[in-house]
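Structure assessment
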Amino acid sequence: MSPAWWAWVATRDSLTARLTEAGNGRPFRVRLLEQRLGRPRPDEARAMGLPLDRMAWLREVALCLDGRPWVVARSVAPLAQLRGQRLERLGERSLGSWLFRQPDLERGPIEVTAAPAPFHPLPGPWGRRSVFRHRRFAVLVQEFFLDAMADELQLPTR
Ligand SMILES: C=C(O[C@@H]1C=C(C(=O)O)C=C[C@H]1O)C(=O)O
């Protein structure tokens, strides 16, 4: 991985904040693609140490700068660990800006993949995911960086 992409893929603070900054005045927007209850994919259940038959709150968004998707993200929060959080009310507000305001937030190790997003057709160089926990609430956040972002920021292809 090029150092320029590593700086994005390895960042452990809010991607929402970083994208807004990198957008350099371009309007940032979270576009809600899907929000529903359902079963996580088997690899997602494994990443969270969750039995395969458990239901979760699933959310898919595109993080857009000036209307163009730069990142697509899918988040999975097991129902049993929602602890009364009203995540369905987030709508087009960023999950990140809520998450990073939570006290005692812990972020697990970041897993990286060169495979494309399994839930979205737009191509991109890298994907990553990690589990956030605060108290007993847990959410797996998976983010795939898109070619459009590489174009706009003149990043290397990989
Ligand atoms: C975890 C973050 O939240 C971002 C916002 C998301 C959303 O609104 O659904 C999803 C994943 C992230 O790309 C972050 O900003 O780092």
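Note: the structure precedes this text.
This structure is a prediction, so every number in the text was calculated from the model and none was measured. (Residues numbered from 1 in each chain as written. Predicted model: local features only at pLDDT ≥ 70, side-chain atom pairs only at ≥ 80, totals over all residues. Heavy atoms only, no water.)

Residue position: R107 is located in strand 4 (residues 106–107). As a buried residue without a salt bridge, R107 has its nearest oppositely charged side chain in E143, at a separation of 4.1 Å. For R107, the residues in contact, after removing those within four places along its chain, are T11, R12, D13, F100, R128, S130, V131, F132 and E143. (Helix = DSSP H or I, 4+ residues; strand = E, 2+ residues; numbered from the N terminus. Buried < 20%, exposed > 50% of the residue type's maximum accessible area, 1.4 Å probe, protein only. Lys, Arg positive; Asp, Glu negative; His and termini not counted. Salt bridge = Lys/Arg side-chain N within 4 Å of Asp/Glu carboxyl O. Contact = heavy atoms within 4.5 Å.)

Close to the ligand lie 15 residues, the nearest being L15, T16, R59, L95 and E143. At 3.0 Å from an oxygen atom of the ligand is found a main-chain nitrogen or oxygen belonging to G96. Here the residues of the shell around the ligand sort into eight nonpolar, four polar and three charged. (Near = heavy atom within 4 Å. Polar contact = N/O pair within 3.5 Å; in protein donor to acceptor, adjacent residues only side chain to side chain. Nonpolar A, V, L, I, M, F, W, Y, C, P; charged D, E, K, R; others polar.)

All right, on to the pairing of strand 7 (residues 137–145) then. In terms of residue burial, strand 7 counts as a mostly covered element, since nine of its nine residues are buried. Burial of strand 7 is two-sided: the residues F137, V139, V141, E143 and F145 facing one way and the residues A138, L140, Q142 and F144 facing the other way are all buried. Pairing between strand 3 (residues 68–78) and strand 7: six bridges, direction antiparallel. Across the sheet, V76 pairs through a bridge with L140, a residue of strand 7. Strand direction decides the pairing type here: strand 6 (residues 127–134) and strand 7, joined by eight bridges, are antiparallel. Counted as the bridge partner of F132 is V139 from strand 7. (Pairing = 2+ DSSP bridges.)

The biggest cluster of nonpolar side chains holds 17 residues, and the ones touching the most others in it are W5, W8, L19, V71, F145 and M149. Looking at this core, the elements with two or more residues in it are helix 1 (3–9), helix 2 (15–22), strand 2 (56–65), strand 3 and helix 5 (147–153). Apart from the residues lying within four places of it in its own chain, the contact partners of F145 are W5, W8, V9, L15, W70, V71, G124, P125, W126 and R128. One finds L90, F132, F137 and V141 within the second-largest nonpolar core, a separate group that totals 12 residues. (Core = buried A, V, L, I, M, F, W, Y, C linked by side-chain atoms within 4.5 Å.)

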